[in-house]
Amino acid sequence: MNINVYTESTPNPATTKFIVNKLLINGSVDFATRESAEKSPFAKELFKFSFVNGVFFASNFVTVTKFENDNWEDILPILKEFVKGAVESELKVQDEEQAEAGDFEGSETEVKIQQILHDYVRPAVEQDGGAITYKSFDEGVVTVELRGSCSGCPSSTVTLKAGIENLLKRMVPEVTEVVSEAL
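First things first, this report covers the structure right here in the doc. Since the structure is predicted, the reported quantities are computational estimates derived from the model, not experimental observations. (Residues numbered from 1 in each chain as written. Predicted model: local features only at pLDDT ≥ 70, side-chain atom pairs only at ≥ 80, totals over all residues. Heavy atoms only, no water.)

Regarding the overall build of the protein
Here is step 1: Within the protein, the secondary structure is distributed over four helices and eight strands.
Here is step 2: For a compact globule of 183 residues, the expected C-alpha radius of gyration is about 16 Å, and the protein comes in at 17 Å, within 12% of that figure.
Here is step 3: Counting only residues that meet the buried cut, the protein has 42% of its 183 residues in that class.
Here is step 4: Carbon and sulfur atoms form 49% of the exposed surface of the protein, whose accessible area is close to 9,900 Å².
Here is step 5: Each charge class in the protein can be summarised by its mean position, and for the 17 positive and 30 negative side chains these summaries are 4 Å apart. (Helix = DSSP H or I, 4+ residues; strand = E, 2+ residues; numbered from the N terminus. Rg over C-alpha atoms; globule rule 2.2 N^0.38 Å. Buried < 20%, exposed > 50% of the residue type's maximum accessible area, 1.4 Å probe, protein only. Areas by Shrake-Rupley, 256 points an atom, 1.4 Å probe, with all protein chains shown as cover. Lys, Arg positive; Asp, Glu negative; His and termini not counted. Charge placed at Lys NZ, Arg CZ, Asp CG, Glu CD.)

Examining the pattern of salt bridges
Here is step 1: Taken as a whole and judged by the stated rule, the model has six salt bridges.
Here is step 2: The partner of Glu 90 in a salt bridge is Lys 22, and the shortest N-O contact between them spans 3.9 Å. Residue Glu 90 is found in the loop between helix H2 (72-88) and helix H3 (108-127), and its partner Lys 22 is found in the loop between strand E2 (15-20) and strand E3 (28-31); the two are separated by 68 residues along the sequence.
Here is step 3: With a relative accessible area of 58%, Glu 90 lands in the exposed category.
Here is step 4: One salt bridge in this structure joins Glu 45 and Lys 48, with 2.9 Å as the shortest N-O distance.
Here is step 5: Classification of Lys 48 by relative accessible area gives exposed; the value is 60%. (Salt bridge = Lys/Arg side-chain N within 4 Å of Asp/Glu carboxyl O.)

Details of the pairing of E2
Here is step 1: Of all six residues in E2, six are buried; the element is thus mostly enclosed.
Here is step 2: The side-chain alternation of E2 yields two buried faces, one formed by Thr 15, Lys 17 and Ile 19 and the other by Thr 16, Phe 18 and Val 20.
Here is step 3: Alignment of strand E1 (residues 5-9) against E2, held across five bridges, turns out to be antiparallel. The residue of E2 that forms the bridge with Thr 7 is Phe 18. (Pairing = 2+ DSSP bridges.)

Focus on the packing of aromatic side chains
Here is step 1: Counted according to the given criterion, the structure contains six aromatic pairs.
Here is step 2: Between Phe 31 and Phe 57, the aromatic rings sit 6.2 Å apart at their centres with planes inclined by 80°, giving edge-to-face as the arrangement. Pair noted here: Phe 31 is in strand E3 and Phe 57 is in strand E4 (residues 52-58), with a separation of 26 residues, a long-range link. As far as burial versus exposure is concerned, Phe 31 and Phe 57 are alike and both buried.
Here is step 3: Ring geometry for Phe 42 versus Phe 57: centroids 5.0 Å apart, planes at 65°, classification edge-to-face. Taken as a pair, Phe 42 in helix H1 (residues 41-46) and Phe 57 in strand E4 lie far apart in primary sequence, 15 residues in all. Accessibility classification places Phe 42 together with Phe 57 in one group, the buried group. (Phe/Tyr/Trp six-rings, centres within 6.5 Å; stacked < 30°, edge-to-face > 60°.)

Looking at unusual backbone geometry
Here is step 1: The phi dihedral of Ser 59 falls on the positive side, at around 35°, and the residue is not glycine.
Here is step 2: Within the secondary structure layout, Ser 59 lies in the loop between E4 and strand E5 (61-66).
Here is step 3: Here Ser 59 falls in the partly exposed class, since its relative accessible area comes to 24%.
Here is step 4: Here Glu 139, not a glycine, exhibits a phi torsion of approximately 50°, which is positive.
Here is step 5: Looking at the secondary structure, you find Glu 139 in the loop between strand E6 (130-138) and strand E7 (141-148).

Put into structure tokens, the structure is as follows:
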């Protein structure tokens with residue numbers, strides 16, 4: 001199979017999304033630090049580049065976060081070539097496959113919240129090179145975790161409050177607020 005790689009900018013200026021024409025992983029996995037990438041041959045190799053500060057995989061893309069002082073113009077061609085070679089040589093995203101999260105759990109309200117996040121929010125967040133994970137629902141407050149390009153993104157607060165919170169408040173009257181858990 002001929003592997004094609006193209007890049008997309010994300011709302012986070014420190015991250016770029018590298019999209020390939022092949023499934024890399026079912027689900028998503030975030031490597032926010034070099035140490036966390038120990039069980040990912042692909043991420044471990046990416047972290048060998050001095051300009052890589054974070055790596056996130058979902059379906060057919062990898063989002064790379066660079067250090068502030070590095071310039072995308074200089075590193076994009078290097079990363080694009082690396083990603084192409086890694087996918088062609090079938091470098092694994094994870095040494096062992098993680099079990100996919102099964103059905104949603106919790107009260108009827110919690111299941112409804114998780115379903116909305118999965119059906120409406122997750123696809124939009126993935127388009128921007130990130131991921132959202134439901135953490136909890138307590139006394140009207142939904143706690144989520146934003147990963148990938150969403151982690152540390154300047155516009156993630158707007159996305160969280162104006163987008164996700166408004167959607168959940170409309171669809172689940174019990175929701176009063178949505179907050180993001182810091183990584």
